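Overview (structure and organization)
Each chain is listed here by its residues.
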Amino acid sequence: LRPIHRLLSCPRTVAAEIKREEQSSGSVETGSEGRTPKKTFSEVQKERREQAQRTVLIHCPNKISVKKFLKYLSQHGPINNHFFYESFGLYAVVEFCQKESVTSLQNGTRTPSMGTEAAIPFRSRVFNLKTKNPSNPTSEQSRVQCSIHAPPSSKKLLELLCYAESIDDQLNTLLKELQLTEENTKLRYLTCSLIEDIAAAYFLDCTVRPFGSSVNSFGKLGCDLDMFLDLDEIGKFSANKTSGNFLMEFQVKNVPSERMATQKILSVIGECLDHFGPGCVGVQKILNARCPLVRFSHQASGFQCDLTTNNRIALKSSELLYIYGALDSRVRALVFSIRCWARAHSLTSSIPGSWITNFSLTMMVIFFLQRRSPPILPTLDSLKTLADAEDKCVIEGHNCTFVRDLNKIKPSGNTETLELLLKEFFEYFGNFAFNKNSINIRQGREQNKPESSPLHIQNPFETSLNISKNVSQSQLQKFVELARESAWILNQEDKDRPSSSRSQPWGLAALLLPSVVNSASLAKRVRKKPASERIKSLLESIKSSGPENATSTNGK
Ligand code: CTP
Ligand code: MG
């Protein structure tokens, strides 16, 4: 826990602060507490998935007696866990101890009779709770305490960073404030499980798995929910039951290519979500993309969802990032800060385009940490060397083998501080030969660029692909200039800052303020001033332009 004086001096209430601490400390995916033995990625996924299948989502009246509500529900069986949150009204997530309780609740639930509209019946696990006597509230009905699912505002975050004791403390604070909470993670797995119910109406035995930042330990509160519709298990279990001379196969429809099969499957699921999915709105079928997907908003959870299928390699790269995130407590702290910095300067965006992505930034941090001496992170090739027979994995001809048991990987002997690493990161990429070199986490060293894209980051498994092919020269240039300026600010602070006068944004907080780099003349003018004055004027400018601009809440 943080020192109490810091909690008290913060504008946030102590209760909210402690709640947030509790939420994050319980997370299976939290990797900031050092190297305690960790569960493998598939163990976490399996556990979370099973939890989600015993869980329901209930839209409640705004005021409710929690005690009576839980008592009412426990007639279907014991409850393991519950929490409330707000998203278009008050919602409760209720996890029963047994799956049968969900069926019992569904059996006692009716389909609403509409007035002029007609209901499309669907026995989902999303319910509406009605009170029989809404005009006569009892004294026990009160506002319930809700868990937080949005990141703190930029203003609050800057304030918290200013109260930190060191730059290392700032990076860890930022991580704690922005990382997914235990409740938010539960809600993500539950949402996948609810979508699975809809997909299973056609593809019985399918699985919908979360991937990307929801599970790779680099997710920020508010980030999108990437889902993978896994159809590979369908029909597999019967394969070993064959005996004698016969072999049974399902008669199926064939299409000319794997890609077309993916498009057809996603198209029909998109229709289902649009027409029958409770709370699934704004469904867009983006089927001509390199990786076809269905994008929609899940109103009850508030998540923006991207559903793909036939995307097993992306799940494997999520597992790889999960391992990198868990190996050393500095990794996530640095990645979160770099991502936040990039968002604050509009280097990343929620709109697709020629911007750098969070995924690319994460790869750059991993690569940088592989280049330290001694290395903080192992190369992917060395993780492959540590793999045993059970880890072997080849997907569509691509070798995706690496060791999955974290305990088999030797911790790094590198003891560099986060402050140093942050500064060195900016210096490293501020001077990187992007014009001729490619970033490659498989080998952990620069390689000649195989093609002419401004930024080349090799996809770790599909090695002929560049994950940052979309990035334009001007966006890369902006990244380089900002990196140089940030390195300069940190170096300058070392010289100028008396550690006692920290009333103005300093360290990481100063890096999140709007940049002056885009205006060369302004940059020159500003650089003549002492750093403290410059930061003061930057703070004034952020105040007048609205502090909410510094970071976004949509997680991209
Ligand atoms: N992915 C990939 N190649 C890309 C883009 C994405 O392999 N060029 C995979 C990665 O596994 C990535 C996942 O798809 O983690 C989801 O992509 P995206 O949502 O863009 O990135 P996230 O890592 O989820 O980060 P964010 O928080 O920005 O959503
Ligand atoms: Mg994502």
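Everything numeric here is computed off the predicted structure, so don't read it as measured data.

Conventions adopted
- Residues numbered from 1 in each chain as written.
- Chains lettered and ligands numbered in written order.
- Predicted model: local features only at pLDDT ≥ 70, side-chain atom pairs only at ≥ 80, totals over all residues.
- Heavy atoms only, no water.
- Donors = N, O, S within 2.8 Å, 3.2 Å for Na, K, Ca; no water.
- Buried < 20%, exposed > 50% of the residue type's maximum accessible area, 1.4 Å probe, protein only.
- Near = heavy atom within 4 Å.
- Polar contact = N/O pair within 3.5 Å; in protein donor to acceptor, adjacent residues only side chain to side chain.
- Areas by Shrake-Rupley, 256 points an atom, 1.4 Å probe, with all protein chains shown as cover.
- Helix = DSSP H or I, 4+ residues; strand = E, 2+ residues; numbered from the N terminus.
- Nonpolar A, V, L, I, M, F, W, Y, C, P; charged D, E, K, R; others polar.
- pLDDT = per-residue confidence, 0-100.
- Contact = heavy atoms within 4.5 Å.
- Pairing = 2+ DSSP bridges.
- Axes fitted to C-alpha atoms, helices over the stretch in contact; angles between N-to-C directions.
- Salt bridge = Lys/Arg side-chain N within 4 Å of Asp/Glu carboxyl O.

This part covers the coordination of the magnesium ion (ligand 2). In the first shell of the magnesium ion (ligand 2), the protein supplies Asp224 (OD) and Asp226 (OD), at 2.1 to 2.2 Å from the metal. For the pair Asp224 and Asp226, one class covers both residues: buried.

The environment of ligand 1 is formed by 14 residues, the closest being Ser213, Asp224, Asp226, Ser317 and Asn358. Here an oxygen atom of ligand 1 sits 2.7 Å away from a polar atom, N or O, in the side chain of Ser317. For ligand 1, whose accessible area on its own is 560 Å², the fraction buried by protein is 81%. Those elements that provide at least two residues to the shell around ligand 1 are helix 10 (312–327) and helix 12 (358–370). For the shell around ligand 1, the per-class residue count stands at five nonpolar, five polar and four charged.

Okay, unusual backbone geometry next. Residues Ser373 and Pro374 are joined by a peptide bond in cis, for which omega reads -5°. With respect to the helices, strands and loops of the structure, Pro374 is situated in the loop between helix 12 and helix 13 (380–385). The phi dihedral of Ser346 falls on the positive side, at around 55°, and the residue is not glycine. Mapped onto the elements, Ser346 comes out in the loop between helix 11 (329–344) and helix 12. Ser346 gets classed as partly exposed once you look at its relative accessible area, which sits at 37%.

It is worth spelling out the confidence of the model for the chain at this point. Per-residue confidence for the chain gives a mean pLDDT of 86, with 81% of residues at or over 70. Here residues 518–529 scores under 50 on pLDDT; set against residues more than four positions off or in separate chains, the count is nine contacts. Here residues 541–556 scores under 50 on pLDDT; set against residues more than four positions off or in separate chains, the count is 37 contacts. The ipTM, which scores confidence in the relative placement of chains, is 0.98 for this predicted complex, and the corresponding pTM is 0.87.

Further remarks concern the sheet that holds strand 1 (residues 55–60). Read from one edge to the other, the open sheet built from four strands follows the order 3-4-1-5, with strand pairing classed as mixed. Where the open sheet ends on each side, the last strands, each with one partner, are strand 3 (79–86) and strand 5 (126–128). Across this sheet, the average inter-strand angle for adjacent strands is 25°, counted without regard to direction. Strands in contact with helix 4 (residues 66–73) are strand 1, strand 3 and strand 4 (90–96); relative to strand 3, the strand with the most contacts, it is inclined by about 135°. Seen against the sheet, helix 8 (residues 182–200) touches strand 1, strand 3, strand 4 and strand 5 and runs at an angle of roughly 100° to strand 1.

Here we come to the pattern of salt bridges. All told, the structure shown has 23 salt bridges when counted by the stated rule. The shortest N-O distance in the salt bridge between Arg49 and Glu196 comes to 2.6 Å. Of this pair, Arg49 sits in helix 3 (residues 41–53) while Glu196 sits in helix 8; the two residues are 147 residues apart in sequence, bridging distant segments of the chain. Between Arg312 and Asp230 there is a salt bridge; the shortest N-O distance is 2.6 Å. Taken together, the positions of Arg312 in helix 10 and Asp230 in strand 8 (residues 225–230) put the pair 82 residues apart, joining distant regions of the chain. With relative accessibility at 1%, the residue Asp230 sits in the buried group. One continuous salt-bridge network, built from bridges that share partners, spans Arg48, Glu50, Arg54, Glu95, Glu182 and Lys186.

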